[in-house]
Amino acid sequence: MERSGLLKGKKGVVFGALNESSIAWAIAKAAHREGAQFALSNAPVAKRFGTMEGLAESVGSPVIWADATKDADLSSLFDQLKEYYGQIDFIVHAIGMGVNVRKRRPYEKLNYDWYAKTLDVSAISLHRIVHHAMESQALNEGGSILTISYIGAQRSFSHYSEMGDAKALLESIVRTWGARLGEHRIRINAISQSPTQTTAGQGISGFDAMFEFGQNMSPLGNADADSCGDYAVTLLSDLTRMVTMQTLYHDGGFSSIGITDAMVEPMMRMLNSDES
Ligand SMILES: NC(=O)c1ccc[n+]([C@@H]2O[C@H](COP(=O)([O-])OP(=O)(O)OC[C@H]3O[C@@H](n4cnc5c(N)ncnc54)[C@H](O)[C@@H]3O)[C@@H](O)[C@H]2O)c1
């Protein structure tokens, strides 16, 4: 993709780049290409499992370690951001983890401590981040906040389990904060992204089947992380300054499809072979 300078002069923070396959990583690369300056943040535990510092070096970003479920970490993060940049123009929240999902606990038998942790990490962290950004007056007028959701917020996908609840809460937080941020000319939106091959994605049992289903049910196929990065750039830019409180589907058309030839034709062949 050619550089257009769409984010020239914009400053921000990107949460959630664990490794090269992370959606946040792709967003950071695209934002850098478009001229933005930003800090990268992740939970301290990601130092051990991830490679974010390599990304930071390649895009010239400071790194601020912060657990997005901890108020003290977030308050300190926004203080540090002010020192680096003064006020900022965008926040990208690309954080998620389903604890029961990872530990293969079925929805019918959730461990409620883990469930609370899932909601805290995957949804309430967005509320906390916006809260601390507003408390510290970190965001400029015209600022843009972006999070990443999945269509499991609206529809039931059997193996998505508790994460469907977390995404429903996440999208509700987008709307409820959005109504309050308007008076500051700040907007907030969610991208509802296709299944994407990432560490969080692959933690879901049956992910490969969901990926394959998405691929066959989307006229454009599944949207990958790089195309999500390109779409995210538009939402961080002034071109979308009047868009707020939305869940925006970035899914190759999946959300508008009933059924596709790619799904119908093998079924027709199967039924025909049963009849003969
Ligand atoms: N991969 C998919 O198929 C897919 C589809 C739609 C939406 N999403 C969403 O995209 C977002 C990014 O996930 P991803 O797929 O890039 O996976 P990923 O594993 O690369 O990213 C998830 C990030 O969340 C971070 N995180 C977890 N707990 C945290 C905490 N307490 N504080 C701060 N950070 C924490 C992890 O360290 C990691 O960097 C998530 O919200 C995910 O639900 C993913």
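Scroll up to find the structure.
The residue numbers shown here count from 1 along each chain, following its written sequence. In view of the model being predicted, local features appear only for residues whose pLDDT reaches at least 70, and side-chain atom pairs are presented and counted only at 80 or more, with totals across whole chains, interfaces and linings using the full set of residues.

1. Focus on the site of the ligand
Here comes step 1: As used in this record, a residue near a molecule or strand is one whose C-beta atom, placed from the backbone, is within 6 Å of it. Lining the immediate environment of the ligand, one finds 27 residues, of which Leu18, Ser22, Gly96, Ala200 and Gly201 sit closest.
Here comes step 2: Numbering of helices and strands runs from the N terminus, with a helix taken as a DSSP run of H or I at least four residues long and a strand as a DSSP run of E at least two residues long. Of all the elements in the fold, those that place two or more residues in the shell around the ligand are helix H1 (23-33), helix H6 (112-135), strand S5 (139-149) and helix H8 (199-202).
Here comes step 3: Of the residues forming the shell around the ligand, the biggest block, three residues, is contributed by H8.
Here comes step 4: Considering only residue class, the shell around the ligand consists of 14 nonpolar, twelve polar and one charged. Charged means Asp, Glu, Lys or Arg here, nonpolar means Ala, Val, Leu, Ile, Met, Phe, Trp, Tyr, Cys or Pro, and polar covers whatever is left, Gly included.

2. Here's the deal with unusual backbone geometry
Here comes step 1: In this structure, Gln137 is a non-glycine residue whose phi angle is positive, near 50°.
Here comes step 2: Its location among the elements puts Gln137 in the loop between H6 and S5.
Here comes step 3: Given 11 C-beta atoms within a 10 Å radius, Gln137 is considered exposed.
Here comes step 4: Even without being a glycine, Met245 presents a positive backbone phi close to 65°. Buried residues are those with 20 or more other C-beta atoms within 10 Å of their own C-beta, exposed residues have 12 or fewer, and partly exposed residues lie in between; C-beta atoms are placed from the backbone.

3. Describing the packing of H6 against helix H7 (residues 162-181)
Here comes step 1: Put simply, H6 and H7 touch, their axes get as near as 9 Å, and they point 15° apart. In terms of their interaxial angle, H6 and H7 are classed as roughly parallel. In this structure, H6 crosses over H7, and the sense of that crossing is right-handed. Each of Tyr115, Thr118, Leu119, Ser122, Ala123, Leu126, His127 and Val130 in H6 lies in contact with H7, whose residues at this interface are Glu162, Met163, Ala166, Leu169, Leu170, Ile173 and Trp177.
Here comes step 2: Tallied by class, residues from the contact of H6 with H7 come to eleven nonpolar, three polar and one charged. Structural elements are reduced to axes, namely lines fitted to C-alpha atoms, with helices fitted over the stretch in contact, and the angle between N-to-C directions of any two is expressed from 0 to 180 degrees. For classification purposes, angles smaller than 35 degrees are called roughly parallel, those larger than 145 roughly antiparallel, those between 65 and 115 roughly perpendicular, and all remaining angles oblique. Whether a crossing is left-handed or right-handed is set by the direction in which the near helix is turned from the far one by less than a right angle, anticlockwise for left-handed and clockwise for right-handed. A residue pair is marked as a contact if its C-beta atoms, positioned from the backbone, fall within 7 Å.

4. Quick look at the pairing of strand S1 (residues 11-15)
Here comes step 1: By the criterion of burial, S1 is predominantly enclosed, with four of the five residues buried.
Here comes step 2: Of the pairings in the sheet, the one linking S1 to strand S2 (residues 37-42) comprises five bridges and is parallel in character. Across the sheet, Lys11 pairs through a bridge with Gln37, a residue of S2.
Here comes step 3: By convention, a crossover is right-handed whenever its connection, traced from the first strand over the helix to the second and viewed with the strands pointing away, goes clockwise. Note on the crossover from S1 through H1 to S2: the handedness is right-handed.
Here comes step 4: Whether two strands pair comes down to DSSP finding at least two bridges between them. As paired elements, S1 and strand S4 (residues 88-93) share four bridges and run parallel to each other. Looking at the pairing, Phe15 lines up with His93 of S4.

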